[in-house]
Amino acid sequence: MELTNLHIAWLVKGMIYSPLISMALVLFLKSRRLSAAISIVTSAISFALAICIFSTIWNKEIIEIRSVWIAIGSVSIDFGFWLDNTTSIMMLLITGITFLVQIYSVDYLANEGQINRYWAHISLFLFAMLGLVVANNLLMLYVFWELVGFSSYLLIGFWYKREKAAIANKKAFIINRIGDLMLLIGIFMLFIQWKTFDLNQLLTFDAGNNAWQTTMGIFLIGGALAKSAQFPFHTWLPSAMEGPTSVSALIHAATMVAAGVYLLVRLSPIFTPVVLLILAIIGAFTAIMAASFALAQMDIKRVLAYSTISQLGLMVMAVGLGSSASALFHLSTHAFFKCLLFLSVGAIIHGLYSLKDKGLDEQDMRNMGGLKLKIPIVFWVYLIAATSLIGLPLFSGFLSKEAILIEAFLWAESRTVWHFIIPITALITTWLTAFYIIRQFALVFLGEAKHPNNTVHDASKYMKWPMIILAFFCFFIFFGFNPFNANSTWIMNGLLTVQEGGIWAIWVPVASLILVPILFIICKAMYVNKSFVLISVDSRFYQFFANAGYFDELYEHTFAKLISILSKISATIDKHIIDVLVDFTASFGLFLAKIFDWLDRKIIDGTVYFVVARVRGIGDFARKFQDGFVQHYIGWAVTGIALLYIFNHFFGL
Amino acid sequence: MLTILLFLPILSLILVLILPNSNNNLFKYINLTTTILQVLIVIGLYFAFDNNLAGFNSIEGFQFVEKVSWIGLQLGSLGSLQIDYFLGVDGISFTLVILTTMVMLIAAISSWNIQLKPKSYFALLLLLNSAIIGVFCALDFFLFYIFYELMLLPLFFLIGIWGGSKREYASIKFFLYTLFGSVFMLIVIIGLYFSVKDPISGAHTFNMLHMMNPDNYLPGSLLSVGSESGILFGAPTRLIAFAVLFLGFAIKVPVVPLHTWLPDAHVEAPTPISIILAGLLLKVGAYGIIRICYGIFPDGAIYFSYWIGLLGVISIIYGAFNALAATDFKRLIAYSSVSHMGFVLLGLASLTVEGINGAIFQLFSHGILASMLFFIVGVIYDRVGDRQVANFRGLMTQMPRYSFFVIIAFFASLGLPGFSAFIAELFVLIGAFTSQTTNGLVPHWMAVAGAFGILIGATYFLWTLQRMFFGQARFLGAETWAKQLIDLNTNEKLVLYPLALLTLLLGIFPNLLFDIGNTTINKMVDSTMQIGAQQLEQLKEIISNR
């Protein structure tokens with residue numbers, strides 16, 4: 001049956017709204033099992049619908065379904081869908097991985113009280129993430145972009161009673177908010193430039209090369225860099241590991257952090273060359289920086305967090321190099337193997353909970369070791385995922401990583417010698433990647449168990465199957481039939497035009513892989529047999545990397561301090577300047593009032609009193625004459641007559 | 001209908017005054033019934049309201065108009081003094097009338113536990129109710145002024161008698177601040193009265209709509225455009241009049257640096273009065289700016305737009321920083337109001353359809369959210385009599401339902417999409433951002449600075465969540481408090497559910513509100529830009545000819 005756009009619109013709506021409905025239901029449910037069931041079933045529905053939509057639109061004409069949400073003045077904001085190959089890949093990834101992680105969570109969080117909000121928040125996340133990738137305009141994308149950040153906030157703070165989690169989710173949200181507002185300003189600039197928010201219009205505009213557009217591009221990429229935890233915004237992601245590991249796997253490895261790369265891919269047509277170069281530099285720098293930090297981490301999850309930042313750096317770099325297709329391809333393969341790495345690490349932590357009772361950190365790799373035989377399933381899936389991350393042939397990671405590297409060398413080749421810094425940085429990153437993941441592998445699985453205990457158990461039913469399914473997707477065969485050529489994979493074919501690698505197609509894989517066996521031997525000697533130490537743990541050099549370059553401290557002492565000082569200053573102004581002025585005005589009024597009062601009493605009243613007193617004085621004087629004695633009256637009368645006579649006599653009146 | 005809306009509280013007030021003091025519990029029911037009836041009337045009006053009529057400055061666009069001659073005095077050579085009882089609403093004022101009845105209902109429910117002198121309390125509350133409705137409906141400037149002043153009286157006593165420990169200081173500060181504004185307003189009103197004549201009867205008039213039409217100004221009068229007499233101290237009198245009126249209303253909004261009455265008044269006021277103060281009083285200030293300043297003096301609106309925008313931006317950022325520094329939960333919310341009201345000013349200054357729509361939306365949205373936030377503070381203050389941020393920790397464990405609403409209110413206020421404040425701030429920022437290229441009034445950097453204010457907003461709300469709600473439960477009052485801090489009761493849920501749903505509803509379907517005001521706002525922007533620019537041109541000519 002041929003599906004019309006109307007049908008497809010309904011499918012898309014069903015896909016994005018079913019998790020929303022789930023959230024609304026679960027919030028008001030008490031039953032654990034029911035809430036889990038509702039949340040998982042709705043994700044399954046979304047996944048099924050995503051497959052339907054995918055099969056309908058893959059490699060077909062782009063479908064846009066429009067409907068106006070708000071129209072005010074010259075602004076019209078759509079709530080519509082934009083469905084092309086990029087969207088459909090993202091849809092599949094998001095729904096599929098969410099579904100698997102949810103199943104995993106059933107066992108993983110089996111011992112948690114108040115689990116309902118977990119399911120509600122995961123459903124909210126799925127809704128927001130799907131809305132983000134189907135949005136047909138930037139403002140709608142922004143709406144979901146923030147909602148994704150909100151659900152991430154809620155999930156990082158799942159264990160809100162822990163002080164660290166409460167600080168981590170605030171940090172994540174605020175750093176993301178900085179990016180969000182940059183993105184919003186970028187969107188406004190774009191609106192001023194082209195009077196539209198619609199994605200379909202963006203593709204038709206010329207990238208141009210002027211200051212306005214470069215500034216706009218810098219604001220726009222700010223949002224993406226924050227969400228994808230790129231330098232200088234990267235510090236929130238390692239802290240976000242305070243959330244449950246299933247959340248780290250889903251949101252902070254596979255899907256949400258990839259949203260930044262997705263946005264960059266969407267916007268790449270309008271970036272000026274300067275912006276693209278900035279992207280390439282930031283991506284390459286972040287990649288190598290985070291990979292080197294990962295080398296020195298002891299927390300099992302933090303290694304993976306820095307690894308994620310590093311891999312996202314490679315994708316951002318790829319977009320900057322103009323190779324969105326390879327960025328998206330790496331995004332897809334990375335989503336599977338990194339998610340699987342996190343899930344297997346989660347399984348390990350889950351099994352080691354007894355360490356906590358002994359007062360030990362169950363995430364510290366120094367407390368692990370020798371787990372290989374105790375948890376064979378986790379061991380194997382971890383190994384597959386790690387191999388894919390290193391990028392050995394036959395694994396999906398090989399295809400996508402080499403695709404990016406080859407693109408990078410081709411890009412530099414057509415430019416100056418200096419441009420080779422970027423591909424070489426990326427190449428070194430792949431070596432570092434191999435190093436840190438082999439190190440982790442050796443510390444966790446090989447050697448002797450540091451704390452032999454009985455609670456370690458292999459993955460249980462609900463945790464096992466999602467991991468096995470994800471492991472399947474770490475092999476090349478799912479993506480293409482040729483294990484050595486990325487360009488033959490269906491994802492690359494479905495995206496933009498691809499260029500042939502030429503000479504680099506041979507040399508790059510050789511260069512990136514040649515060190516792997518050596519690294520393996522070194523790591524084994526260092527971390528299993530302890531036969532030598534490369535750098536002392538106590539050395540400043542090592543501590544610099546172990547503390548991730550002291551970025552947290554730097555930000556704490558600059559930006560956080562600045563904000564806090566500014567807030568104190570404004571409080572002071574309020575209290576000691578404005579209110580003092582107000583109080584002064586009031587007291588000045590009072591003072592005036594007192595003067596008037598004084599005038600009233602002393603001058604005006606005084607005059608009145610004076611008059612009164614004089615009148616009274618005269619009255620008193622007059623009263624003296626009338627004291628009620630007749631003889632006095634006669635006396636006064638005689639005196640008066642006598643005086644009259646004298647006056648008359650002498651003055652002749 | 002507007003008369004019924006206006007006099008219903010007065011009737012109830014008389015009833016309250018007649019009833020003996022012994023029926024203490026009856027008063028709150030009377031008040032509640034009154035507010036419910038008002039909400040029902042407004043719902044009726046909502047369906048009768050025609051969204052397509054553009055009011056603002058033409059009587060044809062006003063709806064539910066009632067006009068009765070009220071005071072008519074023959075003053076001999078001065079002509080006749082004519083004050084009309086003249087009511088009517090357009091898209092802008094109707095939005096605020098809707099808000100008024102809703103906030104009043106919320107205040108009625110949250111007054112449920114008032115124990116001290118309930119009779120006088122509810123009498124004053126009803127008087128206040130009537131006065132606020134009156135302000136939003138009045139189309140005669142004198143009538144407006146009466147209602148405007150009438151609001152002050154009950155508020156002064158409501159804060160001064162039922163308030164906290166420093167209530168007398170707060171209420172006097174509040175009274176003096178606002179009185180200061182009113183005095184100037186009275187001068188301008190008189191000036192306008194003698195400059196404007198009724199085009200039909202030829203008599204002087206207080207009719208606001210006549211004042212908005214430049215043709216009705218007596219040539220050569222103090223406030224007319226295009227004559228030498230319209231100059232005072234070397235500046236056009238009209239611009240001075242705008243500035244003076246603006247100052248009076250800005251105190252109410254409040255605008256930094258005229259805002260310090262607000263934190264004090266809020267901190268001292270009882271919860272329901274805080275709700276009215278933030279939910280409605282601040283809106284009266286903004287409404288005055290829109291209806292009176294912008295309506296009557298469009299030239300001033302254009303002339304001062306940069307400064308209005310600047311004051312808005314300062315309020316946004318300065319208020320946010322102060323909220324960050326606040327240690328009292330209620331003070332924090334009060335300063336967040338200052339910050340959020342700054343967006344209204346920024347939107348107005350932009351004089352774009354988007355910006356002003358955003359500003360009106362913000363008025364409504366903030367009315368809901370501020371009510372919610374102050375109610376939230378009231379919940380814990382009711383229980384333990386304390387609201388210092390540092391004295392609470394881990395409330396989420398202690399009161400999960402309550403914390404649920406706190407998270408909604410906080411995230412809605414910090415502009416999370418899906419809630420009303422996002423739409424409002426989005427449109428204000430779009431308006432501010434497009435202004436430079438469309439009408440050149442507000443520069444780009446102000447929009448960017450406004451966005452920065454949103455960031456600080458996120459900071460203080462999230463920090464409060466972290467400090468008060470997350471972590472292990474630990475209170476200053478230890479066990480005693482833990483016993484007192486019980487989760488929400490039915491009454492409180494009855495307030496919080498509708499508010500939360502309303503902010504969500506408007507965040508998802510903003511057209512419900514935009515549709516009411518949009519036509520009027522379009523007209524407002526058009527006529528303000530057109531008439532204002534023309535008048536400003538004339539004023540400049542006169543000044544340069546001198």
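Residues numbered from 1 in each chain as written. Chains lettered and ligands numbered in written order. Predicted model: local features only at pLDDT ≥ 70, side-chain atom pairs only at ≥ 80, totals over all residues.

(A) How the structure looks around the overall build of chain B. Looking only at helices and strands, chain B has 21 helices and four strands in total. The C-alpha radius of gyration of chain B comes to 23 Å, within 12% of the 24 Å expected for a compact globule of 546 residues. With the principal axes as the frame, chain B shows a C-alpha extent of 75 × 60 × 45 Å. Within the span of chain B, comprising 546 residues, buried residues form 61% of the whole. Contacts in chain B between residues far apart in sequence, at least 24 positions, make up 77% of those at least 6 positions apart. (Helix = DSSP H or I, 4+ residues; strand = E, 2+ residues; numbered from the N terminus. Rg over C-alpha atoms; globule rule 2.2 N^0.38 Å. Buried ≥ 20, exposed ≤ 12 C-beta atoms within 10 Å, placed from the backbone. Contact = placed C-beta atoms within 7 Å.)

(B) The arrangement of the overall build of chain A in detail. Each helix and strand counted, chain A has 25 helices and four strands in total. In summary, chain A has a C-alpha radius of gyration of 39 Å against a globular reference of 26 Å for 653 residues, an excess of more than 25%. Each principal axis of the C-alpha atoms in chain A carries an extent, and together these give about 155 × 60 × 60 Å. By residue count, 51% of the 653 residues in chain A fall in the buried class. In chain A, the share of contacts with a sequence separation of at least 24, taken over all contacts with a separation of at least 6, comes to 80%.

(C) Region of interest: the confidence of the model for chain B. Residues and elements named next belong to chain B. Mean pLDDT for chain B: 88, with 98% of residues reaching 70 or above. Per-element confidence in chain B is highest for helix α13 (residues 329-350), whose mean pLDDT is 93, and lowest for strand β3 (residues 231-232), whose mean pLDDT is 70. Model confidence for the complex is summarised by a pTM of 0.90, with the ipTM given as 0.91. (pLDDT = per-residue confidence, 0-100.)

(D) Helix α14 (residues 324-351) of chain A, seen in detail. Taking 1.5 Å of rise per residue, 28 residues should cover 40 Å, and α14 of chain A covers 40 Å from first to last C-alpha, within 8% of that figure. Among the 28 residues that make up α14 of chain A, 27 are buried, leaving the element largely enclosed by the rest of the structure. (Expected span 1.5 Å × (residues − 1).)

(E) Highlighting the interface of chain B and chain A. Across the contact, 43 residues belong to chain B and 35 residues belong to chain A. Residue assignment for the side of chain B that touches chain A shows that the elements contributing at least two residues are α6 (167-195), α12 (305-325), α14 (353-384), α15 (395-398), α17 (420-438), α18 (444-469) and α21 (511-545) of chain B. Of the residues contributing to the side of chain B that touches chain A, the split by class is 26 nonpolar, 15 polar and two charged. (Nonpolar A, V, L, I, M, F, W, Y, C, P; charged D, E, K, R; others polar.)

(F) View of helix α21 (residues 504-513) of chain A. Residues and elements named next belong to chain A. Taken as a whole, α21 has its buried residues at Trp504, Val508, Pro509 and Ser512. Down the axis of α21, the buried side of the element spans an arc of 115°, and every buried residue falls inside it. Seen from the buried face of α21, the exposed residues on the opposite side, beyond 90 degrees, are Ile506 and Val510. Looking at the buried positions of α21, the neighbouring elements they touch are α17 (396-413) and α18 (421-445). (Arc of directions from axis to C-beta.)

(G) Main features of the environment of arginine 366 of chain A. Residues and elements named next belong to chain A. Among the secondary structure elements, arginine 366 is positioned in the loop between α15 (353-357) and α16 (376-390). With 11 C-beta atoms counted inside 10 Å, the residue arginine 366 sits in the exposed group. Spatially, the C-alpha atom of arginine 366 lies 39 Å from that of leucine 34, the residues being 332 residues apart in sequence. If near-sequence neighbours (up to four positions away) are discounted, arginine 366 is found in contact with Met298 and Lys450.

(H) View of the packing of helix α2 (residues 32-57) of chain A against helix α3 (residues 85-108) of chain A. Residue and element names in this part refer to chain A. Packing of α2 against α3 brings their axes to within 9 Å, and their N-to-C directions diverge by 155°. It follows from the interaxial angle that α2 and α3 lie roughly antiparallel. Here α2 and α3 pass one another in a crossing that is left-handed. Facing Ala36, Ser39, Ile40, Ser43, Ala44, Ser46, Phe47, Ala50, Ile51, Ile53, Phe54 and Ile57 of α2, the residues of α3 in contact are Ser88, Met91, Leu92, Thr95, Gly96, Thr98, Phe99, Gln102, Ile103 and Val106. (Axes fitted to C-alpha atoms, helices over the stretch in contact; angles between N-to-C directions. Parallel < 35°, antiparallel > 145°, perpendicular 65-115°, else oblique. Left-handed = near helix turned anticlockwise from the far one by under 90°.)

(I) Examining the nonpolar core more closely. In terms of nonpolar packing, the biggest core is built from 431 residues, with Val261, Cys339, Leu340 and Ala385 of chain A touching the most fellow members. In terms of residues, this core owes the most to one element, α14 of chain B, which gives 18 residues. (Core = buried A, V, L, I, M, F, W, Y, C linked by C-beta atoms within 7 Å.)

(J) Main features of the packing of helix α6 (residues 163-194) of chain A against helix α8 (residues 211-227) of chain A. All names here are of chain A. For the pair α6 and α8, interaxial distance at closest approach is 7 Å and the crossing angle is 150°. Comparing the axis directions of α6 and α8 gives the class roughly antiparallel. For the element pair α6 and α8, the recorded crossing hand is left-handed. Contact residues: α6 offers Ile175, Asn176, Ile178, Gly179, Asp180, Met182, Leu183, Ile185, Gly186, Met189, Leu190 and Gln193, while α8 offers Trp212, Thr215, Met216, Phe219, Leu220, Gly222, Gly223, Leu225, Ala226 and Lys227.

(K) Seen up close, the environment of isoleucine 273 of chain B. All names here are of chain B. Here isoleucine 273 is to be found in helix α10 (residues 271-296). Owing to 27 C-beta atoms within 10 Å, isoleucine 273 belongs among the buried residues under this scheme. On a C-alpha basis, the gap between isoleucine 273 and alanine 107 in space is 7.3 Å, while along the polypeptide they are 166 residues apart. If near-sequence neighbours (up to four positions away) are discounted, isoleucine 273 is found in contact with Leu158 and Ile159.

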